[in-house]
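Geometric and topological summary
One-letter residues, chain by chain:
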Amino acid sequence: MAQKLPIPFADYCRIFSIISCVIEEHSDVHRACNLFAMMGAHILREHYRLAAVPVSGAAFFCVSRELNPLAFAEHKDGRVAAGLEGFHSWIECKGYVIDLLAPLFPENVAEVDPQAQVPRRAFMKPISLMASHLPEKGDTEGTFLLIPDEVCHANMIQSFYRTPLAGDLQSVCSSWYRRPPKKMDTEFFIRDNQGQVTKLKRTDIDIRGFW
């Protein structure tokens, strides 16, 4: 019997769209894995009562048989490993990996190969399916390897809570979010400490299935 997904595909897409909309003026969204992991885990805990945990470390994803795997890591002494200059963050929940940054993998790939064509897909896979070796060019799309790292994890947590704005943006995400099939406003208004009102407008992007 197939293991049940922690959340449906529609919910994943909505969580992604909310977080990306809220943080886009404050970060390079396709590099904001810490924010996606921290805020996404918070939404899963608050709205789904799931024991979702943000994790950080090295990560490798095969997004095309014709391309080298997408690698979030540092090269050290001839090997690849997690480091503060090369890391990725994701969520672990109910035996699954949930990577809310995955729909932006095309932007990450474009930084290495501007000509590469990569689809926008969600990433939500059982941890048990993770590769036992470093993924290589030619491996099946969706092959992945995640290597948690204590230093990267501590940095993710500390940097998030050191930044008051991060907590504010997380609160906006959670307040705005509604679980499908409930309707959710496409616009959300926030007021800063000076009384200035900002309008956020959510735009869904075309995410086509899972890796």
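This is a predicted model, so every value here is computed, not measured. (Residues numbered from 1 in each chain as written. Predicted model: local features only at pLDDT ≥ 70, side-chain atom pairs only at ≥ 80, totals over all residues. Heavy atoms only, no water.)

1. Thoughts on the overall build of the chain
Looking only at helices and strands, one finds five helices and ten strands in the chain. Rg of the C-alpha trace for the chain: 17 Å, near the compact-globule value of 17 Å for 211 residues, within the 12% margin. Residue burial in the chain is summarised as follows: out of 211 residues, 49% are buried. When contacts within the chain are restricted to residue pairs at least 6 apart in sequence, those whose partners lie at least 24 apart make up 69%. Accessible area of the chain: about 11,300 Å², with a carbon and sulfur share of 50%. (Helix = DSSP H or I, 4+ residues; strand = E, 2+ residues; numbered from the N terminus. Rg over C-alpha atoms; globule rule 2.2 N^0.38 Å. Buried < 20%, exposed > 50% of the residue type's maximum accessible area, 1.4 Å probe, protein only. Contact = heavy atoms within 4.5 Å. Areas by Shrake-Rupley, 256 points an atom, 1.4 Å probe, with all protein chains shown as cover.)

2. Re the packing of helix 2 (residues 33–48) against helix 5 (residues 164–176)
At a minimum axis separation of 10 Å, helix 2 and helix 5 run at an interaxial angle of 45 degrees. With respect to helix 5, the element helix 2 is oriented oblique. You can see that helix 2 and helix 5 cross each other, and the crossing is right-handed. From helix 2, Leu35, Met38, Met39, His42, Ile43, Glu46 and His47 reach across to helix 5, where they touch Ala166, Leu169, Gln170, Cys173 and Ser174. Residue composition of the contact of helix 2 with helix 5, grouped by class: seven nonpolar, four polar and one charged. (Axes fitted to C-alpha atoms, helices over the stretch in contact; angles between N-to-C directions. Parallel < 35°, antiparallel > 145°, perpendicular 65-115°, else oblique. Left-handed = near helix turned anticlockwise from the far one by under 90°. Nonpolar A, V, L, I, M, F, W, Y, C, P; charged D, E, K, R; others polar.)

3. Here we look at the packing of aromatic side chains
The final tally for this structure, using the stated rule, is ten aromatic pairs. Between Tyr48 and Tyr177, the aromatic rings sit 6.3 Å apart at their centres with planes inclined by 45 degrees, giving tilted as the arrangement. Within this pair, whereas Tyr48 is found in helix 2, its partner Tyr177 is found in the loop between helix 5 and strand 9 (187–191), the two being separated by 129 residues in sequence. A single burial state applies to Tyr48 and to Tyr177, both of which are buried. Between Trp176 and Phe188, the ring centres sit 5.3 Å apart and the planes meet at 20 degrees, which makes this aromatic pair stacked. A residue pair is termed long-range when its members are at least 10 positions apart, and Trp176 in helix 5 and Phe188 in strand 9 qualify at twelve residues. Judged by its relative accessible area of 3%, Trp176 is buried. (Phe/Tyr/Trp six-rings, centres within 6.5 Å; stacked < 30°, edge-to-face > 60°.)

4. Topic: the environment of Lys182
Considering the arrangement of structural elements, one finds Lys182 in the loop between helix 5 and strand 9. Note: C-alpha distance between Lys182 and Met156 (26 residues apart in sequence) is 32 Å.

5. Description of unusual backbone geometry
That bond from Pro180 to Pro181 is cis: its omega, 10 degrees, falls within 30 degrees of zero. Note that Pro181 resides in the loop between helix 5 and strand 9. For Arg49, which is not glycine, the phi dihedral falls at a positive 55 degrees. For Lys94, which is not glycine, the phi torsion reads 55 degrees and is therefore positive. Within the secondary structure, Lys94 is located in the loop between strand 5 (88–93) and strand 6 (96–99).

6. A closer look at the pattern of salt bridges
Summed over all chains, the structure comprises eight salt bridges. In this structure, the salt-bridge partner of Arg31 is Asp28, at a minimum N-O distance of 3.7 Å. The partner of Glu187 in a salt bridge is Lys199, and the shortest N-O contact between them spans 3.6 Å. Highlighted residues: Glu187 in strand 9 and Lys199 in strand 10 (residues 197–201), separated in sequence by twelve residues. For Glu187, a relative accessible area of 28% corresponds to the partly exposed category. Each of Asp28, Arg31 and Glu111 takes part in a single network of salt bridges with overlapping partners. (Salt bridge = Lys/Arg side-chain N within 4 Å of Asp/Glu carboxyl O.)

That is the geometry; function is a separate question.
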